[in-house]
Amino acid sequence: MSRDPIHVSPHDPAWAEEGLAFADAVCVALGSRALRVDHVGSTAVPGLAAKDVIDIQALVIDLEDDGLVDAMKAAGFVHRPDNTGDEPNLDTAPSLGPDDWRKVYFREAKGQRRLHIHIRRNGAAGARNMLLMRDFLRDNESARRDYGDFKMALADKTRSDRSAYQAIKRPFISTVLRSAESWAEIHHWAPGVPDSYWRTEE
């Protein structure tokens, strides 16, 4: 049971600006390690109901880089070493093997705005899924509406049980991803310009 009740609310237009600002902050923290940094998850989809949590995804070449954690800590982010990856999606074609679902995970400092930072290896299947689902939901009004309605109803039923919320939501996400893959094939989708990326001073 969770002490932090689940609350899904209608979309807040302020999330977009916050997401871009945090993407830039993570990019600055990672420096040249950052290949691309993006605002992902439900708060990155205009019109989609979501928990009031900003999700940021950063892609790097090497998750074993000794300086990665130190750089993020120096910027004020809190490393959560117990969270080392996501549950594999069995419908997703493998790309990098075990690294497809690995990540280095950070949270906000105590008392700061709720933030989840997922650092994944460039080319990982899990990283691609995050961008694909975001872009698909941005483009598909009916899928966006159905997903938002589902999350709000589910949160109402499982408000004090975060594990149940995640377990029930997982197969629904798999269904959405299957639709997203069909959409990607039809539209020849590829990840677009990142929200932030390392810029040299030259």
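Above this note sits the structure.
About the criteria used
- Residues numbered from 1 in each chain as written.
- Predicted model: local features only at pLDDT ≥ 70, side-chain atom pairs only at ≥ 80, totals over all residues.
- Heavy atoms only, no water.
- Phe/Tyr/Trp six-rings, centres within 6.5 Å; stacked < 30°, edge-to-face > 60°.
- Lys NZ or Arg CZ within 6 Å of the ring centre and 35° of its normal.
- Helix = DSSP H or I, 4+ residues; strand = E, 2+ residues; numbered from the N terminus.
- Buried < 20%, exposed > 50% of the residue type's maximum accessible area, 1.4 Å probe, protein only.
- Polar contact = N/O pair within 3.5 Å; in protein donor to acceptor, adjacent residues only side chain to side chain.
- Contact = heavy atoms within 4.5 Å.
- Expected span 1.5 Å × (residues − 1).
- Arc of directions from axis to C-beta.
- Pairing = 2+ DSSP bridges.
- Salt bridge = Lys/Arg side-chain N within 4 Å of Asp/Glu carboxyl O.
- Core = buried A, V, L, I, M, F, W, Y, C linked by side-chain atoms within 4.5 Å.

Quick word on the packing of aromatic side chains
- Within this structure, the stated rule accounts for three aromatic pairs.
- A connected cluster of aromatic rings, assembled from ring pairs, spans Tyr-147, Phe-150 and Phe-172.
- The cationic tip of Lys-151 hangs over the ring face of Tyr-147; the distance from NZ or CZ to the ring centre is 4.8 Å.

Thoughts on the environment of Lys-73
- The topology assignment puts Lys-73 in helix α2 (residues 66-74).
- A residue is classified by how much of its surface remains accessible, and Lys-73, at 48% relative accessible area, is partly exposed.
- Each C-alpha atom of the pair Lys-73 and Phe-106 lies 8.9 Å from the other, and the pair is 33 residues apart in sequence.

So, the side chain of Asn-89
- Here Asn-89 shows up in the loop between β5 (78-79) and β6 (104-107).
- A polar contact is formed between the side chain of Asn-89 and the side chain of Ser-174, at a distance of 3.3 Å.
- Once residues lying within four places of it in the same chain are set aside, the contact partners of Asn-89 are Trp-101, Asn-129, Ser-174 and Leu-177.

What to know about helix α4 (residues 141-157)
- Its 17 residues give α4 an end-to-end C-alpha distance of 25 Å, which sits within 8% of 24 Å, the value for a rise of 1.5 Å per residue.
- All buried positions along α4 are accounted for by Ala-143, Arg-144, Tyr-147, Gly-148, Lys-151, Leu-154 and Ala-155. Down the axis of α4, the buried side of the element spans an arc of 135 degrees, and every buried residue falls inside it. Across from the buried face of α4, at angles greater than 90 degrees, the exposed residues are Glu-141, Asp-156 and Lys-157.
- Looking at the packing, one finds that the buried side of α4 touches β1 (8-9), β3 (50-51), α3 (125-139) and α5 (162-187).

Let's talk about the pairing of strand β7 (residues 115-121)
- When you tally the buried positions in β7, you get six out of seven residues, the bulk of the element.
- Pairing of strand β4 (residues 54-60) with β7 involves seven bridges; the strand directions are parallel. Counterpart to Ile-56 in the pairing with β7 is Ile-117.
- Where β6 meets β7, four bridges bridge the pair, whose relative direction is antiparallel. Bridging from a neighbouring strand, Val-104 pairs with Ile-119 of β7.

Quick notes on the pattern of salt bridges
- What the rule picks out here adds up to 17 salt bridges.
- In this structure, Glu-18 engages Arg-113 in a salt bridge whose closest nitrogen and oxygen atoms are separated by 2.8 Å. Of this pair, Glu-18 sits in helix α1 (residues 14-30) while Arg-113 sits in the loop between β6 and β7, and the two are 95 residues apart along the sequence.
- Owing to a relative accessible area of 25%, Glu-18 belongs among the partly exposed residues under this scheme.
- Residue Arg-113 is classed as partly exposed on the basis of its relative accessible area, which comes to 21%.
- For Asp-65, the salt bridge identified is with Arg-33, shortest N-O distance 2.6 Å. Of this pair, Asp-65 sits in the loop between β4 and α2 while Arg-33 sits in the loop between α1 and β2 (36-40), placing them 32 residues apart in sequence.
- Taking the relative accessible area as the measure of exposure, Asp-65 reaches 25% and is therefore partly exposed.
- A network of salt bridges, in which partner residues are shared, links Arg-36, Asp-38, Arg-134, Asp-135 and Asp-195.

Focus on the nonpolar core
- Counting residues in hydrophobic clusters, the biggest one holds 22 residues, and the most contacted among them are Val-26, Leu-30, Met-72, Ile-117 and Ile-119.
- Mapped onto this core, the elements with two or more residues apiece are α1, β4, α2, β6 and β7.
- Per element, the largest residue contribution to this core is six residues, and it comes from α1.
- Once residues within four sequence positions are removed from consideration, Ile-117 is found in contact with Val-26, Ile-56, Met-72, Phe-77, Val-104, Tyr-105 and Phe-106.
- Counting residues in each nonpolar core, the second largest holds 16 residues, with Val-40, Phe-136, Tyr-147 and Ala-180 among its members.

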